[in-house]
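# Summary of structural features
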Amino acid sequence: MQLLHRQLGLVHKRIDTLLDALAQPIQPSGDAPAPEACEHRDVEILLSMPGVGRVTVATMLAQAHRAIHDRDYHALRAQSGLAPITKASGKSRRVQMRRACDSRLRNAGHALRALADRLLRIQFAMLRTGTLYDPSRLVRSAAAPAAAA
């Protein structure tokens, strides 16, 4: 157990080192911006979400780099198994859970699919606008309809 605990500690330190390295801004050479320049901001944005730890962020960046880089919300949902699939044949039609997905990415998601789906939508909005998570913004937007009534 002690060996396992030490190895787990080393893995966590290595993940921290890699995420810190990714979080460092890349200085482009010349006038053209480097395509990797936004990656440092992605790490900061994803880590700012409540409940999303460094292991989850590292898994998302490793397993779904292309979907995150392209800001492709639907591709990430499909890749992580959050998007259901519809099977239709003749007159019958049924919706079921997507089983063909990246199991590591699915495990990195939240246990409740609806919660994970809402968090992904918020994360992609934050990535598109380049802003950090602000919990007070949710409180203000939830209070606005109540005040209007």
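Provided above is the structure to which this section pertains.
Reference entry: report on the structure contained in this document. Counting restarts for each chain: residues are numbered from 1 in the order of the written sequence. Residues qualify for local features only when their pLDDT is at least 70, as the model is predicted, and side-chain atom pairs are given and counted only at 80 or more; totals for whole chains, interfaces and linings, by contrast, use all residues. Side-chain metrics in this entry use all non-hydrogen atoms of the structure; hydrogen atoms and water are not considered.

Here the rule is simple: two strands pair whenever DSSP picks up at least two bridges between them. The secondary structure listing takes helices from DSSP runs of H or I that are at least 4 residues long and strands from runs of E that are at least 2 residues long, numbered from the N terminus. Where strand β1 (residues 85-89) lies against strand β2 (residues 92-96), five bridges are found, and the strand directions are antiparallel. Directly across from K87, in β2, lies its bridge partner R94. In textbook terms, the turn of a hairpin is the stretch between consecutive antiparallel strands, and for β1 and β2 this stretch comprises two residues, one of which, G90, has a positive phi near 65 degrees.

So, on to the nonpolar core. In this structure, L19, L46, M60, L61 and L76 are the most contacted members of the largest nonpolar core, which totals 24 residues. Those elements giving two or more residues to this core turn out to be α1 (2-23), α2 (39-47), α3 (54-63), α4 (65-69), α5 (73-80) and α7 (113-129). Aside from chain neighbours lying at most four places away, what touches M60 is L46, H65, I68, L76, L105, L120 and Q123. Definition of nonpolar core: a set of buried residues of the types Ala, Val, Leu, Ile, Met, Phe, Trp, Tyr and Cys, connected through side-chain atoms within 4.5 Å. Under the scheme applied here, a residue whose accessible area is under 20% of the maximum for its type counts as buried, over 50% as exposed, and between as partly exposed, the area being computed with a 1.4 Å probe on protein chains only. In what follows, a contact means two residues having at least one pair of non-hydrogen atoms within 4.5 Å.

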